[in-house]
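Each chain, letter by letter, is given below.
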Amino acid sequence: MGHYNTVLSLIKQLQLHGVPVDAYTINIGINCYCHLYRVDFGFSLLGSMFKRGYEPHVVTFNTLMKGLFTQDKFSEAKNMFIKLVSEKQIKPTVVTYGTVMNGLCKSGNTKIAIELLRSMETLNFEVQTMVHCYSMIIDSLCKDRMISEAKNLLLEMSKKGISPDVVTYTSLIHGLCNFGHWKEVTELLREMVDRNVSPDVRTFSIVVDAFCKEGMVKEAEDVLEVMIKRGEVPNVVTYSALMDGHCLRGQMEEAQKVFDSMVNRGIQPNIISYNSLINGYCKKRRIDEAMHLLREIRRKGMNHTVVTYNTILHGLLENGKFAAAEELFNEMLAEGLSPNVVTYTILLDSMCKNRRIAEAFSLFRSMQNSELYIDVECYTLLINAACKDGKLEIAKELLNELLSNGLQPNAHTYNAIINGFCQEGSLDEAKELLTRMEDDDCFPTEVTYNVIVRGFLKKNQMCEAVALLEKMRGSGFSADNSTIEMLVDVLPTREQDPTLLNMIQKFAPKDT
């Protein structure tokens, strides 16, 4: 652990006692401030270095640029680097390039990082340095979902005689896994073996995790078997991924076996391991086992996270255990954990589903009085609840409030309020909202069309209903069973209407 404040205090004491402070000591101070996220004070020390007549070293500027990147001041760091190089104030080292490239990649400026890589290639840096830089950019391209560009860069490395290492391959494998390109993942793993680059525990863990997320647990277990045969020891990340895979499939006995196997091998489960199991048990409505694990976490000397509490809160509320959920929420607060927007969304959802509307609005207003960010989902829950309770004016106020806060309503938001208008028979307003929805580039869904079509059918406004059905069909959507039933019900009163009959035939199932 870095005792940065202690070091800074010692430097100040040196100054108070009149002991001369040299450039090396000032550099240490700058490094401390940067680690304390006070790069501004670091620059103040740079100023004092100039006043004392010391010449800053390249290390000084490397430290300050790293400090800027750490505090997300990407533009300032980039401009500082350009200025220093263009004015020839420093001769960039491997560390300089690595610091700037890493910062650019993390800030999403991969294109500029590639330009920097090109300039590095003219300076004849050692091969291992170039491998590290290529790996960083390949990783960044994968995170930017630019898989083709990442693959091309790997190919370029080989053509230039720069051998990719395990980090390079693992970064690209991770990107390919995220896109489900299993064939290419297999090919890369084979290529690694052919080049005598051994996949490490991180490589295998990434593949295991990716298979599990896709529900391909058998394939993940096969990878784990290969991993062990190659002498790589699975770690807590590997086992937690496999456990989560079983939990997602509801295979809790299998998940528990993986957990026990991990413990028997002397690997200490972490909070992610426990959270996965807790989530699995809650989804299977086995709340008592989830609560047992919650208590076990504390006995093992680990700290619960907000995710832990959110998962069990959701499980308790889904099972109608409101008193137990309230008790758990208070326990969470007593533990010093701050509820996040997910916590409040879980509570709001439960209150709205159980028609505790007044409590939901009270909780929502308390959220607004805090500094918590309120997302579209929270507004949508309340808009839907207000509409179902016949309080359309409140729903409209919430929609306007949402917009004034710079949020964009989604299809669920519009569907809720359109349904409310249709239930009240306010079809003009419902249709107006449909137009507004389209203008906002929020495309109507199958639910949207079915809701508004039923609204017009209910009011016996056939022309509007048929026009909307045509539009719905043109968008590739189908009428649901409720809409078809309403169409069939109105048919006897409109026997001479060939348009309506034709429309029913278009939407009716083929085997009827």
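Residues numbered from 1 in each chain as written. Predicted model: local features only at pLDDT ≥ 70, side-chain atom pairs only at ≥ 80, totals over all residues. Heavy atoms only, no water.

## Here's the deal with the overall build of the protein chain
When helices and strands are counted, the protein chain shows 29 helices and zero strands. Compactness check: the protein chain gives a C-alpha radius of gyration of 30 Å against a globular reference of 24 Å for 512 residues, more than 25% above the reference. Taking all contacts inside the protein chain whose residues are at least 6 apart in sequence as the whole, residues at least 24 apart take part in 57%. With 55 positive and 64 negative side-chain charges, the protein chain shows a spacing of 4 Å between the two charge centroids. (Helix = DSSP H or I, 4+ residues; strand = E, 2+ residues; numbered from the N terminus. Rg over C-alpha atoms; globule rule 2.2 N^0.38 Å. Contact = heavy atoms within 4.5 Å. Lys, Arg positive; Asp, Glu negative; His and termini not counted. Charge placed at Lys NZ, Arg CZ, Asp CG, Glu CD.)

## Describing the environment of F179
Note on placement: F179 falls in the loop between α10 (166-178) and α11 (182-194). We classify F179 as partly exposed; its relative accessible area is 31%. Look past the residues within four positions of F179 in its chain and what remains in contact with it is R145 and I147. (Buried < 20%, exposed > 50% of the residue type's maximum accessible area, 1.4 Å probe, protein only.)

## Observations regarding the nonpolar core
One finds M101, L277, L348 and I418 to be the most contacted residues of the largest nonpolar core, which totals 158 residues. Filtering out sequence-adjacent residues up to four positions away, L277 remains in contact with M243, C247, M252, A255, Q256, F259 and L293. (Core = buried A, V, L, I, M, F, W, Y, C linked by side-chain atoms within 4.5 Å.)

## A few points about the state of the cysteines
By the definition in use, this model includes zero disulfides. Unpaired in this structure, C387 has its nearest cysteine sulfur neighbour in C422, at a distance of 10 Å. (Disulfide = S-S within 2.5 Å.)

## A closer look at the side chain of D375
For D375, the location among the structural elements is in the loop between α21 (357-369) and α22 (376-388). Of the side chains with opposite charge, R365 lies nearest to the buried D375, which makes no salt bridge, at 13 Å. At a separation of 3.1 Å, a polar atom in the side chain of D375 contacts the main-chain amide nitrogen of C378. Discounting residues that sit within four places of it in the chain, D375 has contacts with V341, T345 and L407. (Salt bridge = Lys/Arg side-chain N within 4 Å of Asp/Glu carboxyl O. Polar contact = N/O pair within 3.5 Å; in protein donor to acceptor, adjacent residues only side chain to side chain.)

## Brief notes about the pattern of salt bridges
For the coordinates displayed, the defined rule picks out 28 salt bridges. With a closest N to O distance of 3.4 Å, E121 and R118 form a salt bridge. Remark: R118 and E121 occur in helix α7 (residues 110-121); sequence separation between them is three residues, near one turn of the helix. Assessed through its relative accessible area of 25%, E121 is described here as partly exposed. Residues E401 and R365 are paired through a salt bridge, measuring 3.5 Å at the closest nitrogen-oxygen approach. Here E401, found in helix α23 (residues 392-404), pairs with R365, found in helix α21; they are 36 residues apart in sequence, far enough to count as distant. Overlapping salt bridges bring together R118, E121, E156 and K160 as one network.

## Considering the packing of aromatic side chains
For the coordinates displayed, the defined rule picks out seven aromatic pairs. Ring geometry for Y33 versus F41: centroids 5.3 Å apart, planes at 80°, classification edge-to-face. On the accessibility criterion, Y33 (13% relative accessible area) is buried. For the cation-ring pair, R356 lies above F322, with the distance from its terminal atom to the ring centre recorded as 5.4 Å. (Phe/Tyr/Trp six-rings, centres within 6.5 Å; stacked < 30°, edge-to-face > 60°. Lys NZ or Arg CZ within 6 Å of the ring centre and 35° of its normal.)

## Here we look at helix α26 (residues 446-458)
Spacing of three or four residues puts side chains on the same side of an α-helix, whose turn is 3.6 residues. Under the 1.5 Å per step criterion, the end-to-end length of α26 is 18 Å for 13 residues, consistent within 8% with the ideal 18 Å. Residues of α26 that are buried: T448, Y449, N450, V451, I452, V453, G455, F456 and L457. Next to the buried residues of α26 lie α24 (411-424), α25 (427-439), α27 (462-474) and α28 (481-490). One or two positions beyond α26, positive phi appears at N460, with a value near 65°. (Expected span 1.5 Å × (residues − 1).)

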